[in-house]
Amino acid sequence: MSLFVRINAISDSAKVRKAWFGLVCAIFICIIIVPSVFVVTKVFTDWGLISGVLGDSAEMAVIGRAVWNSFSIAFIVTILDVVAGLPIAWILVRKNFRGKRFLDTLLDMPLAFPTAVLGLSVVMFWGAPEGVTIPGLGICFSPYLMLVLLHIIFTYPYMVRSLSGILEQIEPNYETAAMTLGASRFTAVRTITLPLFRAGLVTGTTLCFARSLSETGGTYIALTLMGCESSFFTGPTYIMDNSGGALSGPMILISVIMILLALALLVLVKAVITHLHVSGNRVWPELGRKLSRGFAPKAKDALALFFMVLFVLVPSFYLFVYLSEPTAMDYGTLLGSIGTSFLVAGVAVLFDIVFGIPLAMYIARHRGERFAGILDNLVNIPLIIPTTALGLSLALFWGGTASTGAVAVVLVILGHISFTYPLVVRNITGAVEEVDPAYEETALTLGAKPLETFSKVLFPVIKSSVIAGAILAFTRSLGETGATVAISSSVNTVPVYIVNLVKEGAASYPAAAMCSIVLIAICFVLMFAVRAVMHRGSDRDA
Amino acid sequence: MAPKITLDHISMKFGDFYAVHDISLDVEEGEYVTILGPSGCGKTTLIKVISGIWHPTEGRVLIDGEDVTDVPLEDRDMGYVFQNIALFPNLTNLANVEYGPRVRAWPPEEQRATAEKYLKLVAMLDRAGMFPGELSGGEQQKVAIARALASGSKILMLDEPLSALDARVRMELRYEIRRIVKELGITVLHVTHDQEEAMSVSDRIVLMRAGRVHDTGAPLDIYRNPQSIFAAYFIGETNLLEGYVSGWTKNGRTKVRLRGGHTVRAEKSAFATGDAVVISVRPENVYTADDGLKAKVVSVVFMGTFWRVRTVAETGDYLEYNVSGNHAAPRPGDQVMLVFNKRMTKVFARPAEGLEGAISLE
Amino acid sequence: MPEIVLDGLVKKYSGGIRASDGLSLTVHDGEYLCLLGPTGAGKTTALRMICGLTKPDAGRVLFDGEDVTTKPTGARRATMLSQGYALFPNMDVYHNVVFAPTIRHWKEEDTKQLARSMIDMVHMGKKVRSYPHELSGGQQQRTALARALASDSKVLLLDEPLRALDARLRIELRKELKSMVKEMGLTSVHVTHDQEEAMELADRIAIIRSGKIIQVGTPQEIFQDPATPFVANFLGRSNIFAGKLVSTDGTASVIELANGIRVRARPCDLEPGDDAVIAVKVGFTVPELIGAAPDVQDAHLPDTLPEGYFHGKVERVLYEGSTITIETTVPGLGLVSSQRSSRRYEYYRPGSEVMITWQPEKASVFRLPAGGLVQEMRLD
């Protein structure tokens, strides 16, 4: 307590606050940003390695195809997400119906599934992998198509969440106003709401695109199950396939290409969506009317729901069919890997919260200022970079890819901090922005010092968002494969363990599935426990 | 000819709560009707039902005798002006006003000409090319009114159109709105919680409270001859004194014994001797005299052309009256004798829920 | 209680907006001062600089002669009551009210006693355990006031504390507000755009516009002797006429308006031939009915008025309760508004022929503002 009092007293000094914020910024830059993109410097320092690859046209063709696969899949998936996600976002925000809460929760579930698990589940559902006894639909045998189907699942919730977030902020009176002026709902949405929607599209597209680009574990498992892990590559699986050994030219090259292309593309997306002028001058009152009433809107909603159930929910849960055939498994190793996973995720999230809140508060409270804008963009960088490339970059920065033991665990934690930190910061920034600064300001004028103002006024109000951000980051960390493998092959987290089981061949599939189910169960228990705690709090506050 | 609006036993329920309870009302052609009431009285719900934004739980809305209850919002052809203005931020002022004609696919020249005509009407034509964000609140609301009128609607709904504006701008704009709609001869329903605004713009005021119509009448009637204590209190300021009927004067005026034994005379009424009553008398009808109700001055406030004097009478009631700005005002602590203009008083039965409950504003 | 001095405050925001532009003002010890001005005039910025939430680019803030410009907000003992009340949503009424005593670690019984007396004073005794979202607007406002008064602050800053309330409730609460604040003897600065509220509450009013103080004085002084045409129309509506000064002496000025009509106003220090603007409050602008019996005057008008200056036709008569507003069209001048007692409502009809007149000593004369009359008269 006395420590709190002492810190509280010095928090009144502007110099102390500046020093603290400076420290946070320094940590952010030195631990998160620079290591994430460090690999790019290798282009200059180890040009020899790269020029060797450039000369190898066979290798270059593989790399080129891998990069193309990654980007084109991400592109297709994002478009599908927008089209199918918009109606659902709409329903979630603007409509009130029984079961809305249920739908809301259902939508979040794929986020709690480690992607490696999803890879397993999806291939089982759509395809008919060799050596799997559970019957699947058996209609999809193209690895490319399979990856699209897989990536939709874990990007879709991000898209719906970003779209509905923006939709909530758009004044519903705009649409009503347009309708009182004689516009049908279709016309009103097309001419007024959608043009105001661009910010949401940018966020949603960025998140989905980045998520699809980075995904490693699920992709790798899907390819392995289909038996083409060494003939069909995406950027991340290529890196993973080459990792674990000495620093190699192809690895660096593809990482750099992925990082640079991702950054360039996202700048482009932002520019295109923001400056794209869709001419909405033409209207077709009759068509608008037909599309606004009766069958058309219902069909659209039904289709969107159908898409969500068939392409997102059912494939994710298909794995649970394995419960009908319980199998023996190595509980010791599983428990060990669960321990590792929780250690990594726990430490990373704790770090994120402690050093994320100050940054989030700064960004939220200085909107429109230059420095805050720069920080805001910087925070997103680790999110955009494919995690495998990020992992490699990190390992290089902290000294080599072949570390073992405690050092390796620390490095893995640092890696996980990099890609979970943006999630936490984004969530908290959003929450702080919604809190009227008048609360804190009033507390200050009532004689509170800055630290007390935070602990007694702001924090209780944003608590639930902090927890939500923490859950998101925690599950994201639990599910990550690519970065972990790229940093060290000796840290055996649950997804890594599952991937390794799958690598062992068809005989180990049931064990992998059981591991997945156990992991999912733990995630759910955790999520519901936290939700229950939050709910009890919010019943009083709401 | 502007249309006539008829509400036939409208109710609107949210869960178990009646926001609007069994309201029937006729709005004549070209009439300017204000729906007045405190926050949460259901006034906004009512015009949202009339304009079709919400569908009533029970009852019908008729326009010129035709049932439009099931006609969707976009086909009702009613202009609607929002409290938060809601101009489309992505369109210029001109494009905002053009929006109604545009979604009806009028010929482009006609869209432009109509929009310019209405912008001119609200004196905003010189701001046509700007975006709403570049205008002040009052200017934005003028553009919003032009937008609501431009599609040629003969009915205009004003949903607290002035609440978001500065007091002084509010005062100017309310006169301007009245001038514009009367010029166009359209039917207006205006929702507000501001009794001053309601009084100065409307042909008729509908006073609502707790989902029901409490009183209705022209501003003059409702001010001079309110039908309830709440109406007297809410519309304009008034002094309320509790007492018992003690008899009648020769002319049939009511004699009321106030607390403390002082007897005053008030307007005729139909009570019996001994009934508990409340007298309502407006500050401008209270004067000082050589003899009357003793009162002690609590505060004196300068109001421009007059002083408002607040006193506590010997009966324990608070009494306010006005003194001309040209005359010397009393000072706090002074003793004054007060009399009423008998003809301008009203006598009400003392409400069962107590005076406080009867005039509660929230 | 301290005296507050604002000395040449300057605050610029990005985009070149000057929220304060050399703002100087003295608030006396224990005074209730209203800072009155239109939206965007820099009222709130001034308030925030007093309590330290905004740092001025230049200038000083002094409390009792001590320069507090760089003192942290928490140490200034200047409490803000903001527009949305900012009641802490995670605390009930009681804990909101005792926020300041708690963080200052007062003795528990002192805190309790203070809280009880404050809560009773604002009539919130029955709602002690309610959370802010369970309270009505008026109750929230009262709770916020109690919280501010319980903070042992010496300065109370009120940022449009009544704006969010219904018109009728606003009138009731503003009566209560001043008596409560006065009882505590605090130096108060109240920001508002509502001239009626300012007149009701203020010991003195400071009119602010474009980041500068234009006039400071008691409500009566500002109403009767405005410093600019804008002030004349902002604090109480005025009719504004532009013309040229013909002559001025010790008793009255004569001004020739655009349509050639000569009107009389207060003496002024302009030279004959100068462009002049005169402002007459609507309450002093009397439309006398032509052909009617000599007008019975409102109590605030003298028994006889000068002969009418211009002839006009009543456009409409608006009933406003205790008063009526008469709008008269005068050829060459447009609409002229007058406000009279509502007892005279029956005398006026649209189309009635009237002569407009006023007492010369009620008409203020100003030099034509440099930026033009339209710019000067803008209300927002």
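Per-chain numbering applies: the sequence of each chain, read as written, is numbered from 1 onward. As a convention, the first chain written is A and the first ligand written is 1, with the rest following in written order. Under the rules for a predicted model, residues below a pLDDT of 70 receive no local features and side-chain atom pairs below 80 are neither given nor counted, while totals for whole chains, interfaces and linings still include all residues.

Trainee: Just give me the short version of the overall build of chain C, but keep the residues and values in it.
Mentor: Secondary structure elements follow DSSP: runs of H or I no shorter than four residues count as helices, runs of E no shorter than two count as strands, and numbering proceeds from the N terminus. Tallying secondary structure elements over chain C gives 10 helices and 20 strands in all. Viewed in the frame of its principal axes, chain C has a C-alpha envelope of about 75 × 45 × 35 Å. Here exposure depends only on C-beta density: within 10 Å of a residue's C-beta, 20 or more other C-beta atoms make it buried, 12 or fewer make it exposed, and intermediate numbers make it partly exposed, the C-beta atoms being placed from the backbone. Within chain C, buried positions represent 49% of all 380 residues. Sequence separation of 24 or more characterises 66% of the internal contacts of chain C that already satisfy a separation of 6 or more. Each residue gets a C-beta atom placed from its backbone, and two residues are in contact if those atoms lie within 7 Å.

Trainee: An account of the domain arrangement of chain C is needed here, citing residue identities and associated values.
Mentor: Residue and element names in this part refer to chain C. Taken domain by domain, chain C consists of domain 1 (4–224) and domain 2 (229–370). The C-alpha centroid of domain 2 is placed 38 Å from the C-alpha centroid of domain 1. With seven residues of domain 1 at the contact, the number on the domain 2 side is five residues. Marked domain ranges trace back to an automatic or database domain assignment.

Trainee: So, the interface of chain C and chain A: which residues are in play, and what are the values?
Mentor: Contact residues are listed per partner, giving 21 residues for chain C and 17 residues for chain A. Of all the secondary structure elements, the ones that give two or more residues to the side of chain C that touches chain A are β6 (78–81) and α3 (99–103) of chain C. Note that Gly is not counted as nonpolar here; it falls among the polar residues with everything else outside the nonpolar set of Ala, Val, Leu, Ile, Met, Phe, Trp, Tyr, Cys and Pro and the charged set of Asp, Glu, Lys and Arg. Here the side of chain C that touches chain A is built from residues that sort into 12 nonpolar, seven polar and two charged.

Trainee: Hey, could you go over the packing of helix α2 (residues 14–37) of chain A against helix α17 (residues 331–365) of chain A for me, with residue numbers and the actual values?
Mentor: Helix-helix packing: each pair is described by the crossing angle between the helix axes and the interaxial distance. All names here are of chain A. Interaxial angle, 0 to 180 degrees, is taken between N-to-C directions of lines fitted to C-alpha atoms, where a helix line uses only the stretch in contact. Close contact between α2 and α17 brings their axes to 10 Å; oriented N to C, the two are set at 110 degrees. Here α2 is positioned roughly perpendicular relative to α17, judged by the angle of their axes. Here Phe21, Val24, Ile27 and Phe28 of α2 lie close against α17, whose contacting residues are Phe355, Pro358, Leu359 and Tyr362. When describing relative orientation, an angle under 35 degrees is termed roughly parallel and one over 145 degrees roughly antiparallel, while 65 to 115 degrees is termed roughly perpendicular and anything else oblique.

Trainee: Any chance you could break down the sheet that holds strand β3 (residues 32–36) of chain B for me, citing the residues and the numbers?
Mentor: All names here are of chain B. DSSP bridges decide pairing: two strands pair if at least two such bridges lie between them. Read across the open sheet, the six strands follow the order β6-β7-β8-β3-β9-β10; overall the sheet is mixed. Looking at which strands have only one partner, the edges of the open sheet turn out to be β6 (79–81) and β10 (212–217). Across this sheet, the average inter-strand angle for adjacent strands is 15 degrees, counted without regard to direction. Looking at chain direction, β3 and strand β8 (residues 187–192) are connected through five bridges and run parallel.

Trainee: Go over the interface of chain C and chain B, please, and point to the residues and values.
Mentor: Every contact between the two is made by 34 residues of chain C and, on the other side, 35 residues of chain B. For the side of chain C that touches chain B, the secondary structure elements donating two or more residues are α5 (137–149), α6 (167–184), α7 (195–201), α8 (219–224) and β16 (310–319) of chain C. Broken down by class, the residue content of the side of chain C that touches chain B amounts to 12 nonpolar, 13 polar and nine charged.

Trainee: Quick rundown of unusual backbone geometry? Include the residues and the values.
Mentor: A negative phi holds for most residues other than glycine; trans holds for most peptide bonds. One non-glycine residue, B:Ala210, lies in positive phi territory at about 50 degrees. Its location among the elements puts B:Ala210 in the loop between β9 (204–209) and β10. C-beta crowding within 10 Å serves as the criterion here: with 13 such atoms nearby, B:Ala210 is assigned to the partly exposed category. Of note, the phi angle at C:Asp152 is positive, near 65 degrees, even though the residue is not glycine.

Trainee: I'd like a description of the packing of helix α7 (residues 115–126) of chain A against helix α12 (residues 217–225) of chain A, backed by residues and values.
Mentor: Residues and elements named next belong to chain A. It is the contact of α7 with α12, at a shortest axis distance of 7 Å, that shows an interaxial angle of 30 degrees. α12 is crossed by α7, and the crossing has right-handed handedness. Residue-level contacts link Thr115, Ala116, Leu118, Gly119, Leu120, Val122 and Val123 of α7 to Gly217, Gly218, Thr219, Ile221, Ala222 and Leu225 of α12. Looking at the contact of α7 with α12 residue by residue, the classes come out as eight nonpolar, five polar and no charged. Working rule for handedness: look at the near helix, and if it is turned counterclockwise from the far one by less than a right angle, call the crossing left-handed; if clockwise, right-handed.

Trainee: I'd like to hear about the domain arrangement of chain B, residue by residue, with values.
Mentor: All names here are of chain B. Each domain of chain B was delimited in the assignment, giving domain 1 (5–232) and domain 2 (238–350). In this structure, domain 1 and domain 2 have C-alpha centres spaced 38 Å apart. Contact with domain 1, which involves four residues of that partner, is made by six residues of domain 2. Partitioning the side of domain 1 that touches domain 2 into residue classes produces three nonpolar, one polar and no charged.

Trainee: Tell me about the nonpolar core, and name the residues and values.
Mentor: Among the nonpolar cores identified, the biggest contains 359 residues, and A:Leu120, A:Ala222, A:Ile498, B:Ala146, C:Ile50, C:Leu157 and C:Ile278 are the most heavily contacted of them. With 14 residues, the top contributor of residues to this core is helix α20 (residues 405–434) of chain A. The contacts of A:Leu120, once residues within four sequence positions are left out, are A:Ile221, A:Leu319, A:Val502, A:Ala512, A:Ala513 and A:Ser516. Nonpolar core, as used here: buried Ala, Val, Leu, Ile, Met, Phe, Trp, Tyr and Cys residues forming one set through C-beta atoms within 7 Å.

Trainee: Can you explain the sheet that holds strand β3 (residues 32–36) of chain C? Please cite residues and give values.
Mentor: All names here are of chain C. Taken in spatial order, the six strands of this open sheet run β6-β7-β8-β3-β9-β10, and their pairing is mixed. A single partner strand is all that each edge strand has here, and the edge strands are β6 and β10 (212–217). Ignoring which end each strand starts from, the neighbouring axes of this sheet average 20 degrees apart. Pairing of β3 with strand β8 (residues 187–192), which is carried by five bridges, proceeds in the parallel orientation. Paired with Leu35 across the two strands is Val191, which belongs to β8.

Trainee: Can you tell me about helix α1 (residues 43–51) of chain C, naming the residues and giving the values?
Mentor: All names here are of chain C. Along α1, nine of the nine residues are buried, which leaves the element largely enclosed by surrounding structure. Within the span of α1, buried status applies to Lys43, Thr44, Thr45, Ala46, Leu47, Arg48, Met49, Ile50 and Cys51. Following α1 by one or two positions, Gly52 adopts a phi angle in the positive range, close to 90 degrees.

Trainee: Go over the environment of B:Leu240 with me, naming the residues and quoting the values.
Mentor: Residues and elements named next belong to chain B. Note that Leu240 resides in strand β11 (residues 239–248). Exposure remark for Leu240: the 20 C-beta atoms within 10 Å place this residue in the buried category. Distance in space between the C-alpha atoms of Leu240 and Arg282 is 8.7 Å, their sequence separation being 42 residues. Contact partners of Leu240, with chain neighbours within four places excluded, come to Ile229, Tyr233, Val278, Ser280 and Leu355.

Trainee: Requested: an account of helix α2 (residues 93–103) of chain B, with residues and values cited.
Mentor: By the criterion of burial, α2(B) is predominantly enclosed, with 11 of the 11 residues buried. Packing partners of the buried residues in α2(B) comprise α9 (172–180), α10 (185–193) and α15 (285–292) of chain A together with α3 (108–121) and α4 (137–150) of chain B. Trailing α2(B) by a residue or two, B:Ala105 shows a phi angle of about 55 degrees, which is positive.

Trainee: Run through the pairing of strand β7 (residues 155–159) of chain B, naming residues and quoting values.
Mentor: All names here are of chain B. Across the five residues that make up β7, a large majority, five, are buried. Side-chain alternation along β7 places Ile155, Met157 and Asp159 on one buried face and Leu156 and Leu158 on a second face that is also buried. Pairing of β6 with β7 involves three bridges; the strand directions are parallel. Across the sheet, Val81 pairs through a bridge with Leu158, a residue of β7. Both β7 and β8 contribute to a ladder of five bridges, which runs parallel. By the bridge assignment, Leu158 is partnered in β8 with His190. Viewed with both strands pointing away, a crossover whose connecting path from the first strand over the helix to the second turns clockwise is right-handed. Read as a crossover between parallel neighbours, the route from β7 over helix α5 (residues 167–184) to β8 is right-handed.

Trainee: Can you break down the environment of A:Thr484 residue by residue, with the values?
Mentor: All names here are of chain A. In this structure, Thr484 sits in helix α23 (residues 482–487). Remark: the alpha-carbon pair of Thr484 and Met240, spanning 244 residues in sequence, is separated by 9.9 Å. Ignoring sequence-local partners within four residues, the contact set of Thr484 consists of Gly391, Val412, Val491, Thr493 and Val496.

Trainee: Lay out the confidence of the model for chain B with the relevant residues and their values.
Mentor: Summarising the model, chain B shows a mean pLDDT of 92, and 100% of its residues fall at 70 or more. The predictor attaches a confidence to each residue, called pLDDT, with possible values from 0 through 100. Put simply, helix α9 (residues 354–358) of chain B is where chain B has its lowest mean pLDDT, 86, and β3(B) is where it has its highest, 96.

Trainee: Before we move on, can you summarise the environment of C:Asp269 with the specific residues and values?
Mentor: By the secondary structure assignment, C:Asp269 is in the loop between β13 (262–265) and β14 (275–281). The exposure class of C:Asp269 is exposed, given the 9 C-beta atoms found within 10 Å.

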